[in-house]
Amino acid sequence: MENDLPGDSRFGQRVCFACRTSLLACWLVVTATIARGADGLIFDKEFVTLGRVEVAGDLIQEFPFRVMGDAPVQILDVKSSCGCITPTLSKRVYQAGDKDKLIFGIHAASQAEGKRRFQVSISYRQTGDVVTIPILVDVELFKPIAVEPSTLLVHVSGSRPFRQLVTIKEQRGQRLGNIDLSASSDRINARLLPADDQDPTVRRIEVEIGTDFPMGKTDERLLVRVQGSPPAEIVVPISIVRASRIKILPEVLHAKGTGKPPTWQVLVSDARGEPVRIDRVEGPGELIKVSYPSEPTKACRLQVRVDRSAIVDRIDEEITVHVAEPIATKLVLPVRVD
C-alpha cells in the first residue's frame, strides 16, 4: 500500500487544493467587504477555519460586529445553509455605532463527521440597496460521542404515550461515564436503561412523550450530560406535533351570494380507520339543520343545511359535534353565510 508522504506529488496536489479552497473563501469575503464599502455591518471576521474539532453536542461560534456610518441598519433576513444551524441576533434594528455579535450555533450531533462548511447569510439595509454578508465556518467534525437519533420528530394523537429509544455511543472505544438526563418539559420522561456488560461504550435511553401537549407543534429538548474526559453535554431537539385523531372536513362551512339554500356534506373520520359514532350535535339553531347516522361508520357524514329564506342579514355560528367512538372528543365546525 502506498502512503501519501510530503514528497508525494498527490499529497502536494491535495495540499495545494485545500490551500486554494481556503484562499478562495477568504478572497470572496474580502471582495464582498470591499464592494459594500466601510459603512453598514462591519464584522471583526467573516470566515473562520476551526480545523479538527471534537464535539458531541453543539458547536458555538461568535462573530462580533459594529455598525459603521450615520444611519441605522435594519436586518431584513438571516438565512442558514443547513437546518442544523441556529443563528441568533439580539435585535432587528441597530443604531449607528452599536456593537453586537452573531451567535453561530451548529447542532453538530446531527451532522456527519468529516470536513464541512456552514454558512449564515445576513441581509440588511442601511441606506439604499440591500446588502448580504456571508458568514462562513469551515470545520472538520469528529464526534467522540454519537447520538442516534440525534433529533426527534414525534406525532402524537389519542391517549397512548409515544416511546423512543435513543442510543449513546463512545466512538473512541472508552467506557461511557455517568450520564445525567434532564428534559425541558415534565411531560417528557427520560430513563437510562441498564448498561450492557458486553459493550460498555454504549448506553440506551428510553424517552416517553405524553399526549397532553397543545395542538400544533411544540419544540422541546432532552439534555444529556456525559461525565468523562472531556465531559460532554448533548442536546437532543424534540419536536412534538399533536393533531386530533378525529378529523372533520371541511373545517369551515362558508357560503356567499343568493340562490339555493346551501347544503354541505361533512366527513368525520378517524386517523386509524376505525368506525366513528356521533353522540350528538349542539348549537345549530333553527336556521341550521344537521343530520347524521346513528350507527358507527368509517365514512361518517353529516349533512348540514341552511334555511336561507329565514336569514335576515348573515349567519356566523358554530356547530359542536360530540364524538363517542372510537374516542370521546368534540369538534367545532364554524358555519358562515353572507
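Residues numbered from 1 in each chain as written. Predicted model: local features only at pLDDT ≥ 70, side-chain atom pairs only at ≥ 80, totals over all residues. Heavy atoms only, no water.

So, the packing of aromatic side chains
So, point 1. Tallied over the full model, the rule gives three aromatic pairs.
So, point 2. With 5.8 Å between their ring centres and 50 degrees between their planes, Phe 63 and Phe 104 make a pair best called tilted. With Phe 63 in strand E3 (residues 58-68) and Phe 104 in strand E7 (residues 99-107), this residue pair connects regions lying 41 residues apart in the sequence.
So, point 3. Classification of Phe 63 as buried rests on a relative accessible area of 0%.
So, point 4. Look at Phe 65 and Tyr 94: their rings are 5.4 Å apart centre to centre, the planes differ by 85 degrees, and that puts the pair in the edge-to-face class. Note that Phe 65 is positioned in strand E3 and Tyr 94 in strand E6 (residues 93-94), a separation of 29 residues in sequence. For the pair Phe 65 and Tyr 94, a shared accessibility class is recorded, and that class is buried.
So, point 5. Through a chain of ring-to-ring contacts, the aromatic side chains of Phe 43, Phe 65 and Tyr 94 assemble into a single cluster.
So, point 6. Here the basic side chain of Lys 45 rests over the ring of Phe 63, its NZ or CZ set 5.8 Å away from the ring centre.
So, point 7. The ring of Phe 142 is capped by Arg 52, whose NZ or CZ atom sits 4.4 Å from the centre of that ring. (Phe/Tyr/Trp six-rings, centres within 6.5 Å; stacked < 30°, edge-to-face > 60°. Helix = DSSP H or I, 4+ residues; strand = E, 2+ residues; numbered from the N terminus. Buried < 20%, exposed > 50% of the residue type's maximum accessible area, 1.4 Å probe, protein only. Lys NZ or Arg CZ within 6 Å of the ring centre and 35° of its normal.)

A short note on the side chain of His 322
So, point 1. As for its placement among the helices and strands, His 322 is situated in strand E24 (residues 315-325).
So, point 2. Only 3.2 Å separates the side chain of His 322 from the side chain of Glu 282, close enough to count as a polar contact.
So, point 3. Beyond its immediate chain neighbours, meaning those up to four positions away, His 322 contacts Ile 278, Asp 279, Arg 280, Glu 282, Thr 329 and Lys 330. (Polar contact = N/O pair within 3.5 Å; in protein donor to acceptor, adjacent residues only side chain to side chain. Contact = heavy atoms within 4.5 Å.)

Some words on the environment of Pro 262
So, point 1. Position of Pro 262 among the secondary structure elements: in the loop between strand E19 (253-255) and strand E20 (263-270).
So, point 2. Residues Pro 262 and Asp 307 lie 45 residues apart in sequence; the distance between their C-alpha atoms is 7.9 Å.

Quick word on the state of the cysteines
So, point 1. Taken as a whole and assessed by the stated rule, the structure comprises one disulfide.
So, point 2. Each sulfur in the disulfide pair Cys 82 and Cys 84 lies 2.4 Å from the other. The disulfide joining Cys 82 to Cys 84 has a torsion of about 135 degrees about its S-S bond and is therefore right-handed.
So, point 3. What makes Cys 84 buried here is its relative accessible area of 7%. (Disulfide = S-S within 2.5 Å.)

Here we look at the confidence of the model for the protein
So, point 1. With 85% of its residues at a pLDDT of at least 70, the protein reaches an overall mean of 83.
So, point 2. In the model, residues 1-23 has pLDDT below 50 throughout and makes ten contacts with residues more than four positions away in sequence or in other chains.
So, point 3. Every residue in residues 28-35 scores below 50 in pLDDT, and together they form four contacts with partners more than four places removed in sequence or on other chains. (pLDDT = per-residue confidence, 0-100.)

Thoughts on the pattern of salt bridges
So, point 1. Summed over the entire model, instances satisfying the criterion amount to 14 salt bridges.
So, point 2. One salt bridge in this structure joins Lys 101 and Glu 62, with 3.3 Å as the shortest N-O distance. In this pair, Lys 101 sits in strand E7 while Glu 62 sits in strand E3, placing the two residues 39 residues apart along the sequence.
So, point 3. For Lys 101, a relative accessible area of 34% puts it in the partly exposed group.
So, point 4. A residue is classified by how much of its surface remains accessible, and Glu 62, at 39% relative accessible area, is partly exposed.
So, point 5. Several salt bridges share partner residues, and in doing so they unite Glu 54, Glu 170 and Arg 172 into one network. (Salt bridge = Lys/Arg side-chain N within 4 Å of Asp/Glu carboxyl O.)

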